[in-house]
Amino acid sequence: MAERTAVERTFAEAKEEQKHLAPHDPAKVQKICLLILVGLAVMYTLYFAQDVLLPVFLAFLLSLLLRGPVKALHRLKLAEPVAAVLVMLGLIGAVGAGVAAVAEPAVQWVERAPTVLAELGEKLKDLQQGLAQAREATQQLQQMTGADEQPTEVVVQGPNLADEILTQTQMVIAQTLLVIALTFFFLAFGRHTLESVIRSLPNVQDRLHLVDIVNTVQINISTYLLTVTGINLCLGIVAAGMFWLMDVPNPLLWGMVAGLLNFIPYLGSACTALILAVVCLLTFDDWVRMLAPPLGFMLLTAFEGNFITPTVIGKRLTLNPIFVFSTVLFWGWLWGVPGALLAVPILAVFKILCDATPQLRTLGALMG
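Residues numbered from 1 in each chain as written. Predicted model: local features only at pLDDT ≥ 70, side-chain atom pairs only at ≥ 80, totals over all residues. Heavy atoms only, no water.

Enquirer: What's the story with the overall build of the chain in this structure? I'm lost.
Expert: From N to C terminus, the chain includes 13 helices and zero strands. Reading the secondary structure of the chain in the N-to-C direction produces α-α-α-α-α-α-α-α-α-α-α-α-α. Put simply, the chain has 368 residues, and 28% of those count as buried. Taking as baseline every contact in the chain between residues at least 6 positions apart, the subset at least 24 positions apart corresponds to 69%. (Helix = DSSP H or I, 4+ residues; strand = E, 2+ residues; numbered from the N terminus. Buried < 20%, exposed > 50% of the residue type's maximum accessible area, 1.4 Å probe, protein only. Contact = heavy atoms within 4.5 Å.)

Next up, the structure:
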């Protein structure tokens with residue numbers, strides 16, 4: 001009886017609390033729905049306008065990375081457009097030299113692609129035999145259960161490989177030229193444009209606040225991008241030296257691939273290790289020599305990711321691994337490999353903007 005009274009009292013208290021609860025505010029629900037619709041609209045815009053937005057994003061990040069050298073030349077009494085031209089020429093020369101150094105072995109690997117697939121199939125013959133036996137067992141099981149009807153084959157004809165490569169090459173060249181032009185304009189005229197925007201604000205407090213945000217964002221993002229680029233460059237050099245010591249063919253090529261893909265956290269190092277495993281499987285006959293380069297590279301990236309990068313970057317610019325992995329997946333799904341490469345810099349930019357904006361500091365702390 002006492003238990004029943006306690007239960008009834010609990011229900012009575014719950015009903016009493018329910019009476020005092022405020023009803024749902026329709027305006028608040030509409031606001032949430034509007035935010036969801038805006039988010040979906042932004043995603044669709046990013047997806048369908050990637051041919052335009054991707055060069056803009058890349059040029060903006062490159063301008064932040066190269067802003068320091070342009071400032072240094074500007075202090076030497078050089079006009080910013082002239083300084084931007086010199087910096088861009090230096091960047092193009094450095095990238096061109098790196099591409100020229102690995103172009104020949106890269107082209108050889110591309111030309112050997114059919115032969116490589118055949119050699120890989122020969123190396124994995126035992127595994128293929130096991131798969132063939134499993135396939136035969138599955139077919140026998142289907143025949144026993146009466147599910148042996150063959151589905152109608154549909155042949156889809158599309159552009160051949162040569163046409164596809166030619167199309168992609170033309171697109172990459174066009175976007176590269178667009179990135180170079182946009183980066184120059186950002187470097188040469190970005191500061192004047194920003195000063196014009198600041199002068200247009202009527203309130204002095206708004207001007208000071210915007211100047212503070214811009215300075216914080218520029219300094220932190222430039223520091224982050226320079227630091228990460230330096231770390232990945234050193235990683236590529238060390239990896240190339242390790243591959244050379246292990247007699248891996250074309251160590252400079254794979255070192256450059258390792259440094260570039262390391263801009264993609266987690267997935268980049270895994271892809272590099274997989275590429276190394278295929279190369280070593282085709283090159284060596286000893287299992288120890290096959291496994292040593294990919295395992296050694298995985299240990300190297302583990303040491304870099306857990307000790308070197310957090311120590312150099314510091315706690316202020318350290319990003320939450322959950323947000324990092326989710327961001328890489330999102331931008332990779334949205335823009336492919338270029339989106340995955342830009343994912344972490346974009347996340348770092350957004351975090352710094354949140355840290356510089358009082359209303360968004362909680363979200364910035366969550367991402368850091």
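Having seen it, we continue.
Enquirer: Would you mind showing me how to read the packing of helix 3 (residues 50-75) against helix 12 (residues 321-356) here?
Expert: For any two helices packed against each other, the geometry comes down to the angle between their axes and how far apart the axes lie. The interhelical angle for the contact between helix 3 and helix 12, taken along N-to-C directions, is 30°, at an axis separation of 11 Å. Of the possible angle classes, the one that applies to helix 3 and helix 12 is roughly parallel. For the crossing formed where helix 3 meets helix 12, the hand is left-handed. Across from Gln-50, Leu-53, Leu-54, Phe-57, Leu-58 and Leu-61 in helix 3, the residues of helix 12 making contact are Trp-331, Leu-334, Trp-335, Pro-338, Leu-342, Pro-345, Ile-346 and Val-349. Of the residues in the contact of helix 3 with helix 12, the class split is 13 nonpolar, one polar and no charged. (Axes fitted to C-alpha atoms, helices over the stretch in contact; angles between N-to-C directions. Parallel < 35°, antiparallel > 145°, perpendicular 65-115°, else oblique. Left-handed = near helix turned anticlockwise from the far one by under 90°. Nonpolar A, V, L, I, M, F, W, Y, C, P; charged D, E, K, R; others polar.)

Enquirer: Help me out: how do you make sense of the nonpolar core in this one?
Expert: When a protein is soluble and globular, its nonpolar side chains tend to lie buried together. Counting residues in each nonpolar core, the largest one holds 32 residues, and the members touching the most others are Ile-221, Tyr-224, Leu-225, Leu-319 and Trp-331. At the level of secondary structure, the elements contributing two or more residues to this core comprise helix 3, helix 8 (204-245) and helix 12. Ranked by residue count, the leading element in this core is helix 12, at 16 residues. Here Ile-221 is in contact with Leu-64, Val-349 and Ile-352, once residues within four sequence places are set aside. Counting 18 residues, the second-largest nonpolar core is a separate cluster that includes Ala-239, Leu-253, Leu-276 and Cys-280. (Core = buried A, V, L, I, M, F, W, Y, C linked by side-chain atoms within 4.5 Å.)

Enquirer: Teacher, can you tell me more about the side chain of Ser-222 here?
Expert: With respect to the helices, strands and loops of the structure, Ser-222 is situated in helix 8. On the basis of relative accessibility, which here comes to 14%, the residue Ser-222 falls in the buried class.

Enquirer: Looking at this structure, how should I read the pattern of salt bridges?
Expert: In a structure, side chains of opposite charge can pair up when their charged atoms sit close to one another. Applying the stated criterion to the full structure yields four salt bridges. The salt bridge involving Glu-80 is made with Arg-191; its shortest N-O contact spans 2.7 Å. Taken together, the positions of Glu-80 in helix 4 (residues 80-111) and Arg-191 in helix 7 (residues 161-200) put the pair 111 residues apart, joining distant regions of the chain. Among the residues examined, Glu-80 registers a relative accessible area of 3% and is labelled buried. A relative accessible area of 27% means that Arg-191 is categorised as partly exposed. Between Glu-195 and Arg-191 there is a salt bridge, with the nearest N and O atoms lying 2.8 Å from each other. Linking Glu-195 with Arg-191, this pair stays in helix 7, spanning four residues, or about one helical turn. Salt bridges here are not isolated pairs; linked through shared partners, they connect Arg-67, Glu-80, Arg-191 and Glu-195. (Salt bridge = Lys/Arg side-chain N within 4 Å of Asp/Glu carboxyl O.)

Enquirer: Help me understand helix 3 in this model?
Expert: Because the α-helix completes a turn every 3.6 residues, residues three or four places apart line up on one side. Counted at 1.5 Å a residue, the expected span for helix 3 with its 26 residues is 38 Å, and the 37 Å between its end C-alpha atoms agrees. Roughly 45° is the biggest bend found in helix 3, and it falls at Leu-66, with proline Pro-69 one to four residues downstream. By the burial criterion, the buried members of helix 3 are Leu-54, Pro-55, Ala-59, Leu-61, Ser-63, Leu-64, Leu-65, Leu-66, Arg-67 and Val-70. Two residues or fewer past helix 3, Lys-77 is found with a positive phi of approximately 70°. (Expected span 1.5 Å × (residues − 1). Bend = angle between axes of the 7 residues up to and from the residue.)

Enquirer: Just checking my understanding: could you explain unusual backbone geometry for this structure?
Expert: Among all residues except glycine, the phi angle is most often negative; among peptide bonds, the trans geometry is most common. In this structure, Asp-247 is a non-glycine residue whose phi angle is positive, near 65°. Even without glycine at this site, Tyr-266 takes up a positive phi of about 65°. Secondary-structure assignment places Tyr-266 in the loop between helix 9 (251-261) and helix 10 (267-283).

Enquirer: Honestly, the packing of aromatic side chains in this entry has me stumped. Any pointers?
Expert: Ring pairs (aromatic) are described by centroid distance and by the angle formed between their planes. Applying the stated criterion across every chain, the model contains 14 aromatic pairs. Relative to Phe-186, the ring of Phe-60 has its centre 6.2 Å away and its plane inclined at 80°; by these criteria the two rings are edge-to-face. With Phe-60 in helix 3 and Phe-186 in helix 7, this pair connects stretches of sequence that are 126 residues apart. Overall, the relative accessible area of 35% leaves Phe-60 in the partly exposed class. We classify Phe-186 as partly exposed; its relative accessible area is 31%. (Phe/Tyr/Trp six-rings, centres within 6.5 Å; stacked < 30°, edge-to-face > 60°.)

Enquirer: Help me out: how do you make sense of the environment of Met-88 in this one?
Expert: Considering the arrangement of structural elements, one finds Met-88 in helix 4. Each C-alpha atom, one on Met-88 and one on Leu-66, is 8.5 Å from the other, the two residues being 22 residues apart in sequence. Not counting the four nearest positions on each side in its chain, Met-88 is found in contact with Leu-66, Ile-180, Thr-183, Phe-184 and Leu-187.

Enquirer: Could you clarify how one ought to interpret a nonpolar patch on the surface in this entry?
Expert: A surface patch of nonpolar side chains, amounting to about 780 Å² of accessible area, comprises Ile-32, Ile-36, Leu-37, Leu-40, Tyr-44, Tyr-47 and Phe-48. Tracing the chain through its elements places Tyr-47 in helix 2 (residues 26-48). For Tyr-47, a relative accessible area of 38% gives the class partly exposed. (Patch = residues over 30% accessible without salt bridge, like charges linked within 9 Å, V, L, I, M, F, W, Y side chains within 5 Å. Areas by Shrake-Rupley, 256 points an atom, 1.4 Å probe, with all protein chains shown as cover.)

Enquirer: What should I look at first to understand the packing of helix 8 against helix 9 in this one?
Expert: Running from amino to carboxyl end, helix 8 crosses helix 9 at an angle of 150°, the nearest separation of the two axes being 7 Å. Helix 9 is crossed by helix 8, and the crossing has right-handed handedness. Contact residues: Asn-232, Leu-235, Gly-236, Ala-239, Ala-240, Phe-243 and Trp-244 in helix 8; Pro-251, Leu-252, Trp-254, Gly-255, Ala-258 and Gly-259 in helix 9. Among the residues forming the contact of helix 8 with helix 9, the class breakdown is nine nonpolar, four polar and no charged.

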